[in-house]
Amino acid sequence: MAFVEVTKKDHIAVVTMNRPEALNALNKAVFTDLEVALDDVEKDDEVYVVIITGAGRAFIAGADIGEMAPMNVAEGLAFSELGNRILMRVDMMEKPTIAAVNGFALGGGCEMALACDIRIASEKAKFGQPEVGLGIIASTGGLVRLARDINRKDCMELLLTGKKIKADEAKALGLINYVVPAEEVMDKAIELAEECLKNAPLALKWTKYIVHAADQMSEEDAMRYSDAAYRFLEKTADGIEGPAAFVEKRTPNWQGK
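Calculation rules
Residues numbered from 1 in each chain as written. Predicted model: local features only at pLDDT ≥ 70, side-chain atom pairs only at ≥ 80, totals over all residues. Heavy atoms only, no water. Axes fitted to C-alpha atoms, helices over the stretch in contact; angles between N-to-C directions. Helix = DSSP H or I, 4+ residues; strand = E, 2+ residues; numbered from the N terminus. Parallel < 35°, antiparallel > 145°, perpendicular 65-115°, else oblique. Contact = heavy atoms within 4.5 Å. Nonpolar A, V, L, I, M, F, W, Y, C, P; charged D, E, K, R; others polar. Pairing = 2+ DSSP bridges. Polar contact = N/O pair within 3.5 Å; in protein donor to acceptor, adjacent residues only side chain to side chain.

(A) Examining the packing of helix 9 (residues 201-214) against helix 10 (residues 219-233) more closely. Between helix 9 and helix 10, the least distance of the axes is 10 Å, while the angle of their chain directions is 170°. Between helix 9 and helix 10, the interaxial angle falls into the category roughly antiparallel. The segment helix 9 lies against helix 10, with Leu202, Ala203, Trp206, Tyr209, Ile210, Ala213 and Ala214 engaging Ala222, Tyr225, Ser226, Ala229, Phe232 and Leu233. Across the contact of helix 9 with helix 10, the residue classes tally to 12 nonpolar, 1 polar and no charged.

(B) Summary view of the sheet that holds strand 5 (residues 97-101). A sheet is described by the order of its strands in space; here 6 strands give the open sequence 1-2-3-5-7-10, paired in mixed fashion. In this open sheet, the two strands that pair with only one neighbour each are strand 1 (4-9) and strand 10 (178-180). On average, each strand axis in the sheet is inclined to that of its neighbour by 20°, with strand direction left out of account. Alignment of strand 3 (residues 49-54) against strand 5, held across 4 bridges, turns out to be parallel. From the neighbouring strand, threonine 53 faces strand 5, where its bridge partner is alanine 100.

(C) Structural view of the sheet that holds strand 9 (residues 164-166). The strand order across the open sheet built from 4 strands is 4-6-8-9, with neighbouring strands paired in mixed fashion. Pairing within the sheet leaves two strands with one partner each, and these edge strands are strand 4 (58-60) and strand 9. Adjacent strand axes in the sheet meet at a mean angle of 20° when their direction is disregarded. Pairing of strand 8 (residues 126-128) with strand 9 involves 3 bridges; the strand directions are antiparallel. Paired with glycine 128 across the strands is lysine 164, a residue of strand 9. Across the sheet, helix 4 (residues 108-115) lies against strand 4, strand 6 (104-106) and strand 8, angled at about 80° from strand 4, the strand it touches most.

(D) Looking closely at the side chain of arginine 19. Summarising the element assignment, arginine 19 is placed in the loop between strand 2 (12-17) and helix 1 (28-43). Looking at arginine 19, its side chain comes within polar contact range of the main-chain oxygen of alanine 25, at 3.1 Å. Each residue touching arginine 19, except ones within four places of it in the same chain, is listed here: Phe3, Asn24, Ala25, Asn27, Val30 and Asp64.

The structure is reproduced here in C-alpha cells:
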C-alpha cells in the first residue's frame, strides 16, 4: 500500500497522506513515498498547482513517535534531515501549493501546512507544535516558518507552551487563509487552485521565487530582482499573450513559456 497517493485532473495534482489508521503520522516510509510523489508532480509539465491533504480525520498528526523513540543519534539525525529536505521541497516548489487541512495538523503536520503557500482548514482542524513537551523542538520548519508567518509574541506562545489551537484561532493569528465546514475543505482548495490556474504559470513561478528571495535581500536588491524578472517575463510567450488577450477581450492561452 502506498502511504502517499497522487491524483491529477485539469492541471491540479492532489497529494494525499494515506496512513489514516495512524492519523497520517510521518515515518520513514511516508517520507519516502512523499519524496516520490513530489518528484512526480514537480516534473509533470501538465501539473500547475499542487494540493496537499490527508486521508481520514487527520491532515498529519505529527511524526511517528513510536518509530522515532528507539532511534540512536545518527538515525534520529538522518530522519530529521530527511524531513527537512522534503518540507523544504514543498516550501520552495515552483508550483503553487495549497494545504487542505482536514483535521489534526500537529508537529510535523503543522510544519507541512506552514510549508504550503495557501492554507485552508476544516472548522474541526487543530494546529500546534507540541514538540517541547517531548523534550525536543519543531526542527523541520516550525521554529522558522511560524516565526516568518505570524506575530512574534503569538509565535513564541505557541512554541513555548506547545498548546493546540482550533482553526478559528489559527485564522485569527494569520496562520491559515480560510476556515470552512469539514465537508467543504477540498472544494475550497480546488476553487483556489482554479483561481491560480487562470494565471500564467511562469508568472506564478517567478512570484514565488521573488517572495522567497526577498526575505534574504535588502529592499533595494529585491526591487532590482523584481524588475529583472519583469523584464524577462514580458518577452516570454505568456508575457506577450497576456496583454494581447486583455486587449482582445479573450481568455489567455497560457503555454508556460
